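# A closer look at the structure
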Amino acid sequence: QLQAYGGGLVQAGGSMRLSCAASGFIVTRYVMGWFRQAPGKQREFVAAVSRRNWSGSNTDYSDSVKGRCTISRDTAKNSVYLEMNSLKPEDTAVYYCAASSMATIDRTLISYDYWGQGTQVTVSS
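Description of the structure in this document. This structure is a prediction, so every number in the text was calculated from the model and none was measured.

Each value, and the rule that gives it
- Residues numbered from 1 in each chain as written.
- Predicted model: local features only at pLDDT ≥ 70, side-chain atom pairs only at ≥ 80, totals over all residues.
- Heavy atoms only, no water.
- Helix = DSSP H or I, 4+ residues; strand = E, 2+ residues; numbered from the N terminus.
- Rg over C-alpha atoms; globule rule 2.2 N^0.38 Å.
- Buried < 20%, exposed > 50% of the residue type's maximum accessible area, 1.4 Å probe, protein only.
- Contact = heavy atoms within 4.5 Å.
- Areas by Shrake-Rupley, 256 points an atom, 1.4 Å probe, with all protein chains shown as cover.
- Lys, Arg positive; Asp, Glu negative; His and termini not counted.
- Charge placed at Lys NZ, Arg CZ, Asp CG, Glu CD.
- Pairing = 2+ DSSP bridges.
- Axes fitted to C-alpha atoms, helices over the stretch in contact; angles between N-to-C directions.
- Disulfide = S-S within 2.5 Å.
- Core = buried A, V, L, I, M, F, W, Y, C linked by side-chain atoms within 4.5 Å.
- Polar contact = N/O pair within 3.5 Å; in protein donor to acceptor, adjacent residues only side chain to side chain.
- Phe/Tyr/Trp six-rings, centres within 6.5 Å; stacked < 30°, edge-to-face > 60°.
- Lys NZ or Arg CZ within 6 Å of the ring centre and 35° of its normal.

So, about the overall build of the chain. Summing up its helical and strand segments, the chain has 0 helices and 11 strands in all. The N-to-C order of helical and strand elements in the chain reads β-β-β-β-β-β-β-β-β-β-β. Over its C-alpha trace the chain gives a radius of gyration of 14 Å, about what one expects of a compact globule, namely 14 Å for 125 residues. For the C-alpha atoms alone, the extent of the chain along its principal axes is close to 45 × 25 × 25 Å. For the chain, with 125 residues in total, the buried portion stands at 45%. In the chain, once contacts between residues fewer than 6 apart in sequence are set aside, the share between residues at least 24 apart is 57%. By element, 48% of the accessible surface of the chain is carried by carbon and sulfur atoms, the whole surface being about 6,500 Å². Taking the average place of the 13 positive charges on the side chains of the chain and the average place of its 9 negative ones, the gap between the two points comes to 4 Å.

Phi is positive for Asn 78, close to 50°, though the residue is something other than glycine. Summarising the element assignment, Asn 78 is placed in the loop between strand S7 (69–74) and strand S8 (79–84). Although it is not a glycine, Ser 86 adopts a positive phi angle of roughly 50°. Looking at the element boundaries, Ser 86 is found in the loop between S8 and strand S9 (93–100).

A few words now on the sheet that holds strand S1 (residues 2–5). With antiparallel pairing, 4 strands are arranged side by side in an open sheet as S1-S3-S8-S7. Each of the sheet's edge strands pairs with one partner strand only, and the pair in question is S1 and S7. Taking each pair of neighbouring strands and ignoring which way they run, the sheet shows an average axis angle of 15°. Bridge count for S1 against strand S3 (residues 16–22) is 4 bridges, and the pairing is antiparallel. Along S3, the bridge assignment pairs Leu 2 with Ala 22.

Right, let's talk about the state of the cysteines for a bit. This structure, assessed with the given rule, holds 1 disulfide. With no disulfide partner, Cys 69 has as its closest neighbouring cysteine sulfur the one in Cys 97, 15 Å distant. Cys 69 gets classed as buried once you look at its relative accessible area, which sits at 6%.

Time to look at the nonpolar core. Of all hydrophobic cores here, the largest spans 30 residues; its most connected members are Met 32, Trp 34, Leu 82, Met 84 and Tyr 95. Those residues in contact with Tyr 95 that sit more than four places away from it in its chain are Leu 18, Trp 34, Phe 35, Arg 36, Val 46, Leu 82, Met 84, Gly 118, Thr 119 and Val 121. Listed in part, the 7 residues of the second largest apolar core include Val 31, Phe 35, Ala 48 and Ile 105.

Looking now at the environment of Tyr 112. Tracing the backbone through its elements, the reader meets Tyr 112 in the loop between S9 and strand S10 (114–115). Owing to a relative accessible area of 5%, Tyr 112 belongs among the buried residues under this scheme. Spatially, the C-alpha atoms of Tyr 112 and Ala 4 are 15 Å apart, while their sequence positions differ by 108 residues. Those residues within four positions of Tyr 112 in sequence are excluded, and the remaining contacts are Val 31, Gly 33, Phe 35, Phe 45, Ala 48, Ala 98, Ala 99, Ser 100 and Asp 106. Of the polar contacts made by the side chain of Tyr 112, one reaches the backbone oxygen of Asp 106; its length is 2.8 Å.

What follows covers the packing of aromatic side chains. Considering all chains together, one arrives at 7 aromatic pairs under this definition. The rings of Phe 35, Phe 45, Tyr 112 and Trp 115 are connected pair by pair, giving a single aromatic cluster. The lysine or arginine in question, Arg 17, covers the ring of Tyr 81, its NZ or CZ lying 4.0 Å from the ring centre. Across the ring face of Tyr 96, the terminal group of Arg 43 is positioned such that the distance to the ring centre comes to 3.6 Å.

So this is what it looks like as structure tokens:
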């Protein structure tokens, strides 16, 4: 199971940190991703972190958030985070965390096996 939380209302230019707590599996053994879905739009990829291996892990970000967002993982808490800065009104969406058993990062929704319930992020102008 995945439990996402941390959303809310923030002014444009502000910051927000989303959290995703996992249970029943270990986050370092999965590709962990964040997606978002704005009203009337399809769910889209935001960021992902790969499985941890002997060389560490790597990350991937959509062009729309690159440089403004950071995905991280806390093994002790078995959780994944999305730190968002310089938020824009177009970042307003429901944000979902997801886990994929794929060997490498994939941006497609179908690659993800588990999904959290979503948390609303609203950025006011």
